[in-house]
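If you want the building blocks of each chain, they are given just below.
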Amino acid sequence: MLTPDEVARVISAVPLLRYRVPLLLIYASGLRVRECIHLTVDDIDGPGNRLFVRDGKGGKDRYTILGTPVYEELRRYWHWHKNPKWLFPAVGRGRGDSAGAAYRMHRADEPMLTVPP
C-alpha cells in the first residue's frame, strides 16, 4: 500500500493536466475510470462535498465524496477548458499546445477516451 506522500508523488509525476486531474479524482473519491471520465459538470456538488455517479457498477447511480481541495482543483481544470457538459472532454486532434487543446476541449461533444488511441 502506498503512503499519502507516495500517492502525491505519483500523481504529480503525470505531466499532462488532462490526465493528472482525473487520476486525482479517481484516487480521492474512489471512482472507477469510466465513472470518472463520464462525469458531467452537473454531477458536481461542491458545496455539498459530493459527486453524483451515473450508471456505476451494476448500472446503479450513487453519490460519493468530493473533498474541498479536489473540488477546487476540478474548478481550476474546468475553468481552463470550459466545456459546457463534460468535466473531462475529449481533446481531439490538432495543435499540441495548451491553448489549442483547451479550444478543442471546450467544443468537444463527448468525454475523453478511457484508452488512448
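Residues numbered from 1 in each chain as written. Predicted model: local features only at pLDDT ≥ 70, side-chain atom pairs only at ≥ 80, totals over all residues. Heavy atoms only, no water.

As recorded by an unreviewed UniProt entry, the protein carries the name Tyrosine-type recombinase/integrase and is attributed to Puniceicoccus vermicola.

**Some words on the environment of V10**
To keep things clear, this is the line we draw: Secondary structure follows DSSP: runs of H or I at least 4 residues long count as helices, runs of E at least 2 residues long count as strands, and numbering of each begins at the N terminus.
Positionally, V10 belongs in helix α1 (residues 4-12). Separated by 14 residues in sequence, V10 and L24 have C-alpha atoms that sit 9.9 Å apart.

**A closer look at the nonpolar core**
Rules: To define a nonpolar core, start from buried Ala, Val, Leu, Ile, Met, Phe, Trp, Tyr and Cys residues and group those joined through side-chain atoms within 4.5 Å. The buried label applies to any residue whose accessible area, calculated with a 1.4 Å probe on protein chains only, is under 20% of its type's maximum; exposed applies above 50%, and partly exposed to all values in between.
Counting 19 residues, the largest nonpolar core has L25, L31, L39, L51, L66, L74 and F88 as the members making the most contacts within it. Counting residues per element, the ones that place at least two in this core are α2 (17-29), α3 (33-37), β2 (50-53), α4 (68-81) and α5 (98-107). By residue number, the principal contributor to this core is α4, which donates 4 residues.

**Regarding the sheet that holds β2**
Across a sheet, strands are paired by hydrogen bonds formed along the backbone, either parallel or antiparallel in direction. Operational definition: In this analysis, strands are considered paired if DSSP registers two or more bridges between them.
Within the open sheet, the 3 strands sit side by side as β1-β2-β3. Their pairing is antiparallel. Of all strands in the sheet, those with a lone pairing partner are β1 (44-45) and β3 (62-65), marking the two edges. One ladder, built from 4 bridges, connects β2 with β3; its direction is antiparallel. Directly across from F52, in β3, lies its bridge partner Y63.

**Examining α4**
This is how it is decided: Here, expected helix span is obtained from the residue count minus one, scaled by 1.5 Å. Note that the arc is defined by the directions from the helix axis to the C-beta atoms.
End to end, α4 covers 20 Å across 14 residues, agreeing with the expected 20 Å (1.5 Å per residue, within 8%). Buried within α4 we find V70, Y71, L74, Y77 and H81. Burial along α4 is one-sided: seen end-on, the buried residues are contained in an arc of 125°. Exposed and facing more than 90 degrees away from the buried side of α4 are P69, R76 and H79.

**Here's the deal with the packing of α1 against α2**
Inclusion rule: Helix axes are fitted to C-alpha atoms over the stretch in contact, other axes to C-alpha atoms as well, and angles between N-to-C directions run from 0 to 180 degrees. Oblique is the label for any angle not under 35 degrees, not over 145, and not in the 65 to 115 range, which are roughly parallel, roughly antiparallel and roughly perpendicular in turn. Residues are treated as being in contact if the distance between any of their heavy atoms lies within 4.5 Å. In this classification, the charged set is Asp, Glu, Lys and Arg, the nonpolar set is Ala, Val, Leu, Ile, Met, Phe, Trp, Tyr, Cys and Pro, and all remaining amino acids, among them Gly, are polar.
Between α1 and α2, the shortest axis-to-axis distance is 9 Å and the interhelical angle comes to 155°. Accordingly, the angle class assigned to the pair α1 and α2 is roughly antiparallel. Between α1 and α2, the residues in contact are V7, I11 and S12 and R20, L23, L24 and Y27, respectively. Partitioned by chemical class, the residues of the contact of α1 with α2 number 5 nonpolar, 1 polar and 1 charged.

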